[in-house]
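Reading the structure
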Amino acid sequence: MVHLFRTSLGVMALAAASFGLGDEARAANGPFLAHQALYDLSLVKSRSNSVNSARGRILYNFAGSACEGYTSEFRQVSELDSGEGKVTLSDLRSNSWEDAAGKSYRFKIETRMNEADAGRVDGSAERDGDHINVKLKLPAPKTFTLDGKIVFPTEQIQRIIAAAKEGKSLLELSVYDGSDDGQKVYNTLTVIGQPIPADRATSSDPSTSDEHMKSLKRWPVTVSYFDRDAQQKEGEQTPVYAMSFELYENGVSRQLVLDYNDFVISGAMGKFDIKDSKPCN
């Protein structure tokens, strides 16, 4: 159950989809849409009967440009009922900034469970040649290096969209987003389905009914997150969690499904607002 809250930060990869990209990527992928999206969470199924019901919301806010970098504000409030009066309430908040070239990443994350004191992570990561330097302020001061092949969330989504446009069905990436204690790296496997034409009938939500979205195609995507340390030590191949969604070519995501092995949560888009984006001078 804790995985829903501790690792749901991986959902922030969706937020990165609405960021703009650098000039080279922009030329290849086209403009990305700054927006605010609200998702209503509900329980799809409980495989181990450990969860009787679930509800909550995820709210994304995005802003920025290729010149000044991109900011993301993310909040997820979730309530899980495991029966017999056992209810777990989680409030996850995150603010992050990433430059358009994927060289710098800053993050502040706060996770609160029930009435316990909030856990906080505060740090930054800078790409330097063939490695990444990470500096943490919280939960405790620490510096360490990561392999330079690891990507931040914006570049992860950038590469997924690029792979989709090239007709690829599989993509493997190692991703660092500052989650958990700020030292976790996930190996990810992305499976990309066939593109969904803009004119194909689909269930309606605020994104599909928006005029900016009606002419755009999208892809069904599933991203599985694996604990890299567990893989190295034990050869573990079971994902910690997986998320599925439909990804538009302008970076907007809909039909969110979070699979935490024991149970599955869906996120239906309840609100969608396009935000003004200031172009580079």
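All values derive from a computational prediction rather than experimental measurement. Starting from 1, residues in each chain are numbered consecutively following that chain's sequence as written. Given that the model is predicted, a residue must reach a pLDDT of at least 70 before its local features are reported, and side-chain atom pairs must reach 80 or more before they are shown or counted; all residues, however, enter totals for whole chains, interfaces and linings. To obtain the side-chain values, all non-hydrogen atoms of the structure were used and water was disregarded.

**Let's talk about the environment of I157**
Here a strand is any run of E in DSSP of at least two residues, a helix any run of H or I of at least four, and the numbering for each starts at the N terminus. Note that I157 resides in helix α4 (residues 153-165). Working definition: with a 1.4 Å probe on protein chains only, accessible area under 20% of the residue-type maximum means buried, over 50% means exposed, and in between means partly exposed. Look at I157 and you get buried, because its relative accessible area is 2%. Considering only alpha carbons, one finds I157 and G251, 94 residues apart in sequence, at a separation of 8.1 Å.

**Description of the environment of I196**
Inspection of the secondary structure assignment puts I196 in the loop between β10 (186-192) and β11 (218-227). The class of I196 is buried, set by a relative accessible area of 9%. Taking C-alpha positions, I196 is 7.7 Å from P220, a pair spaced 24 residues apart along the chain. It only takes one pair of heavy atoms within 4.5 Å for two residues to be counted as in contact. Not counting the four nearest positions on each side in its chain, I196 is found in contact with K217, R218, P220 and E246.

**Quick word on the side chain of D122**
Assignment of secondary structure puts D122 in strand β6 (residues 119-128). His is not counted, nor are the chain ends, whereas Lys and Arg count as positive and Asp and Glu as negative. By definition here, a salt bridge exists when the distance from a side-chain nitrogen of Lys or Arg to a carboxyl oxygen of Asp or Glu is within 4 Å. Within the buried set, D122 has no salt-bridge partner at all; the shortest N-O distance to an opposite charge, 4.2 Å, is to K108. In contact with D122, not counting residues within four places along its chain, are F107, K108, K135, L136, K137 and L138.

**A closer look at the nonpolar core**
In this description, a nonpolar core means a group of buried Ala, Val, Leu, Ile, Met, Phe, Trp, Tyr and Cys residues linked to one another through side-chain atoms lying within 4.5 Å. Formed by 56 residues in total, the largest nonpolar core has its most connected members in V134, L146, I160 and Y176. With sequence-adjacent residues up to four places away left out, I160 is seen in contact with L171, T190, I192, V221, V223 and L247.

**Focus: the packing of aromatic side chains**
Classification of ring pairs rests on two measures: the distance between centres of Phe, Tyr or Trp rings, Trp counted by its six-membered ring, which must be within 6.5 Å, and the angle between planes, read as stacked under 30 degrees, edge-to-face over 60 and tilted in between. Counting across every chain of the model gives 10 aromatic pairs. With 5.7 Å between their ring centres and 70 degrees between their planes, Y39 and Y60 make a pair best called edge-to-face. In this pair, Y39 sits in strand β1 (residues 35-46) while Y60 sits in strand β2 (residues 53-65), placing the two residues 21 residues apart along the sequence. In this pair, the class of Y39 matches that of Y60, namely buried. An aromatic cluster is defined as three or more aromatic residues linked by ring pairs; in this entry it consists of Y186, Y225, Y241, Y260 and F263.

**Thoughts on empty space enclosed by the protein**
Here a cavity is any set of points on a 1 Å grid over the protein atoms alone where a 1.4 Å probe fits but cannot get out, and a pocket is any open set with protein on both sides within 12 Å along at least 5 of 7 lines; a residue lines the site when it has an atom within 4 Å of a point. Grid points are joined across faces, edges and corners, and a volume is the space filled by probe spheres set on the points. Under the counting rule described, the total for this entry stands at 3 cavities of 30 Å³ or more. Each pocket or cavity is described by its volume, and for the largest cavity that value is around 50 Å³. Taken together, 12 residues form the lining of the largest cavity, with L41, A54, R55, S78 and I265 sitting closest to its centre. Looking at the lining of the largest cavity, the elements that each hand over two or more residues are β1, β2 and β3 (69-81). Gly is put with the polar residues, along with every residue not named as nonpolar or charged; the nonpolar set is Ala, Val, Leu, Ile, Met, Phe, Trp, Tyr, Cys and Pro, and the charged set is Asp, Glu, Lys and Arg. Its residues assigned to classes, the lining of the largest cavity shows 6 nonpolar, 4 polar and 2 charged.

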